[in-house]
Amino acid sequence: MEQLTDEERELAAMVRDFADTVVAPQAYEADRTHTLSMDVVAQMGDLGLFGLPFPEEYGGQGGDYMALGIAIEALGRVDQSIAITLEAGVSLGAMPVFRFGTEEQKREYLPDLLAGRALAGFGLTEPEAGSDAGATRTTARREGEEWVIDGSKQFITNSGTPITRFVTVTAVTGVENGRKQISTIIVPNGTAGFTVEAPYDKVGWNASDTHPLTFEGARVPAGNLLGAEGSGFRNFLSILDEGRIAIAALSTGAAEGCLEAAVEYAKSRTIFGSALSTRQNAQFTLARMRARVHTSRLAWHHAARLRDAGRPFAEQAAIAKLVAGEAAMDNARDATQIFGGNGFMNEFPVARHYRDSKILEIGEGTTEVQLLVIARALGLAG
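Residues numbered from 1 in each chain as written. Predicted model: local features only at pLDDT ≥ 70, side-chain atom pairs only at ≥ 80, totals over all residues. Heavy atoms only, no water.

As annotated in an unreviewed UniProt entry, the protein chain carries the name Acyl-CoA dehydrogenase and comes from Microbacterium hydrocarbonoxydans. Database annotation for the protein chain, UniProt heading Sequence similarities (unreviewed entry): "Belongs to the acyl-CoA dehydrogenase family." In UniProt, the protein chain has this text filed under Cofactor (unreviewed entry): "FAD". (UniProt positions renumbered as here; feature names shortened; annotations may be inferred.)

Now the structure itself:
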C-alpha cells in the first residue's frame, strides 16, 4: 500500500470498511441462497464505486483504473461475488459504451450505469466460442432500420438482475476477404426475441448474477450498433486487456482475504498444547501466502499505472492476471488446509474462496491465454 497516493489510501480504507461492515455480514447467506443483494449494489452506487474510472460529465468520479482496482481488491477480500458484480458492471457493462459509444449512447446509458441504478452485461462467450472468440456464431443481419439477431451466449454476468438494462452482444454482421466481420450491438432487456434463461447452478460466485442468453429474431434499432460495424472483435480485445487488470485486483483481494483468515485462525487454534501459528510448517505456509499477495499486488498495480499513463500494458495485464489468479487459488487451498475440517464448511470465508477462486484462472482469458499473450510479447508467435 506504500506506493499509493493519499487519495488512493483513503479510497482503499473507505471501501475496506464498507466491505467489512456491509458486505461481509451478508456474504454467507447470499452464497447459500444464490442471491445478489440489490441493497449492497445500491450502496456501492451511492459510494460512487461504479463511476470510479469515468469522467464527471457522465456522472463518474473522475478517477482512473487504479482507483477501480483498489475498490475491487477491497471487496474481493470478503466476497468475490460482490467484487465481480462491480468489475463486470464497469469493465464489461459501462466501459464499452464509454469507449466506443456515440455521444447520444453515452448520454442515454452512462448516468444510470455509473450511479449503480442500472447494470449491463457483455455477451461474448458462446457454446462454441470461448477463448476463440473469432468462432462467434451469433449473427445480426440488417433489415431496413433494424438489426435482427439470432444466436446464443453463455456465462454472461449481470444479465438478469432486476436493474439490468441491456446487454452488449458480439455478432457476425458480414464477411470480408473470407473473414467474419464481428460487430457489437446493444440489446435492451425486454426486447422481443431476447430471452434471459434460468441462472446457472455454479460451483462458486453463487451470489453473482450469471445467465445464458438466447436470441431468436430479436430486433433492435440500427442505432444500437456500438462502435463501427466490423470493429467489435478488435474493440472487445482492448476492453479485455483492461478487464484483466481488474480481475487481477479481485484475485489479489481474494488471496489477501485467505491470508488474513488463515493467520487469525492459526493464532487461535491450539494443537498439541500450543498455537498452530508456532509450528514451522504453518509459518512457512503463511509466509508463502503473504509473498503471493505482495507479488500479485505489485503486478496489477504496475499494469494499472501503465494503462492510466496511456502506455502499452497488454503484456503486463496478462502477467498480473496470471500471477494473481494462481495466487488466489493457491492461497485458498493453503488456507483451507490451515483450517482443517472447518475449511470445508461454507460458513467460513476460506471455503467460499476455495470454490470461488478457480474461475479466476478461467474468466476473462484462461491461464493458457495469458501465457499465449506473454509468449507473443516475447516474439514467440507460432
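So much for the structure itself; the text now carries on.
### Concerning the nonpolar core
The biggest cluster of nonpolar side chains holds 70 residues, and the ones touching the most others in it are Met44, Leu49, Leu75, Leu86, Leu113, Ile245 and Trp300. Those residues in contact with leucine 49, other than ones at most four positions away along the chain, are Met14, Val15, Met44, Leu68, Ala71, Leu75, Leu86 and Val90. Ala261, Ala266, Val293 and Ile338 belong to the second-largest nonpolar core, a separate cluster that totals 18 residues. (Core = buried A, V, L, I, M, F, W, Y, C linked by side-chain atoms within 4.5 Å. Buried < 20%, exposed > 50% of the residue type's maximum accessible area, 1.4 Å probe, protein only. Contact = heavy atoms within 4.5 Å.)

### Focus: the packing of helix H8 (residues 314–339) against helix H9 (residues 349–356)
Following both chains from N to C, one finds H8 and H9 inclined at 145°, their axes separated by 9 Å at the closest point. Both H8 and H9 take part in a crossing whose hand is left-handed. Facing H8, whose interface residues are Met329, Ala332, Arg333, Ala335, Thr336 and Phe339, H9 presents Val350, His353 and Tyr354. Taken together, the residues that form the contact of H8 with H9 break down as 6 nonpolar, 2 polar and 1 charged. (Axes fitted to C-alpha atoms, helices over the stretch in contact; angles between N-to-C directions. Helix = DSSP H or I, 4+ residues; strand = E, 2+ residues; numbered from the N terminus. Left-handed = near helix turned anticlockwise from the far one by under 90°. Nonpolar A, V, L, I, M, F, W, Y, C, P; charged D, E, K, R; others polar.)

### Digging into the pairing of strand S4 (residues 164–176)
Buried residues dominate S4, accounting for 10 of its 13 residues. Note that strand S1 (residues 119–123) and S4 share 5 bridges and pair parallel. The partner of alanine 120 across the bridge, within S4, is phenylalanine 166. The sheet contact formed by S4 and strand S5 (residues 179–188) spans 10 bridges and is antiparallel. Following the sheet pairing, glycine 174 is matched in S5 by glutamine 181. Count of turn residues in the S4/S5 antiparallel hairpin: 2 residues, of which asparagine 177 carries a positive phi of about 55°. (Pairing = 2+ DSSP bridges.)

### Topic: the domain arrangement of the protein chain
Annotation of the protein chain at the domain level lists domain 1 (6–119), domain 2 (121–230) and domain 3 (234–378). Relative placement of domain 2 and domain 3: their C-alpha centres are 30 Å apart. Taken together, the contacts link 8 residues of domain 2 with 8 residues of domain 3. For the pairing of domain 2 and domain 3, the buried interface totals around 760 Å² over both sides, and the portion due to carbon and sulfur atoms is 66%. At the surface where domain 2 touches domain 3, the tally comes to 2 residue pairs in polar contact (both at pLDDT 80 or more). (Domains from an automatic or database assignment. Buried area = accessible area lost by both parts, 1.4 Å probe. Polar contact = N/O pair within 3.5 Å; in protein donor to acceptor, adjacent residues only side chain to side chain.)

### So, the side chain of lysine 321
Mapped onto the fold, lysine 321 is located in helix H8. Of the side chains with opposite charge, glutamate 364 lies nearest to the buried lysine 321, which makes no salt bridge, at 7.9 Å. Of the polar contacts made by the side chain of lysine 321, one reaches the backbone oxygen of glycine 365; its length is 2.7 Å. Setting aside residues up to four positions removed in sequence, lysine 321 forms contacts with Arg244, Ile247, Ala248, Leu360, Glu361, Ile362, Gly363, Glu364, Gly365 and Gln370. (Lys, Arg positive; Asp, Glu negative; His and termini not counted. Salt bridge = Lys/Arg side-chain N within 4 Å of Asp/Glu carboxyl O.)

### Concerning the UniProt feature "domain: Acyl-CoA dehydrogenase/oxidase N-terminal" (unreviewed entry) in the protein chain
Per the UniProt record, the feature "domain: Acyl-CoA dehydrogenase/oxidase N-terminal" (unreviewed entry) sits at residues 5–116. Taken as a whole, residues 5–116 contains 73% helix and 0% strand, while its terminal C-alpha atoms sit 26 Å from one another.

### What to know about the packing of aromatic side chains
Applying the stated criterion across every chain, the model contains 8 aromatic pairs. Relative to phenylalanine 348, the ring of phenylalanine 339 lies with its centre 5.7 Å away and its plane at 70°, an arrangement referred to as edge-to-face. Take phenylalanine 339: its relative accessible area is 6%, and that puts it in the buried class. One aromatic cluster in this structure is built from Phe54, Tyr58 and Phe98. The cationic tip of lysine 106 hangs over the ring face of phenylalanine 98; the distance from NZ or CZ to the ring centre is 5.5 Å. (Phe/Tyr/Trp six-rings, centres within 6.5 Å; stacked < 30°, edge-to-face > 60°. Lys NZ or Arg CZ within 6 Å of the ring centre and 35° of its normal.)

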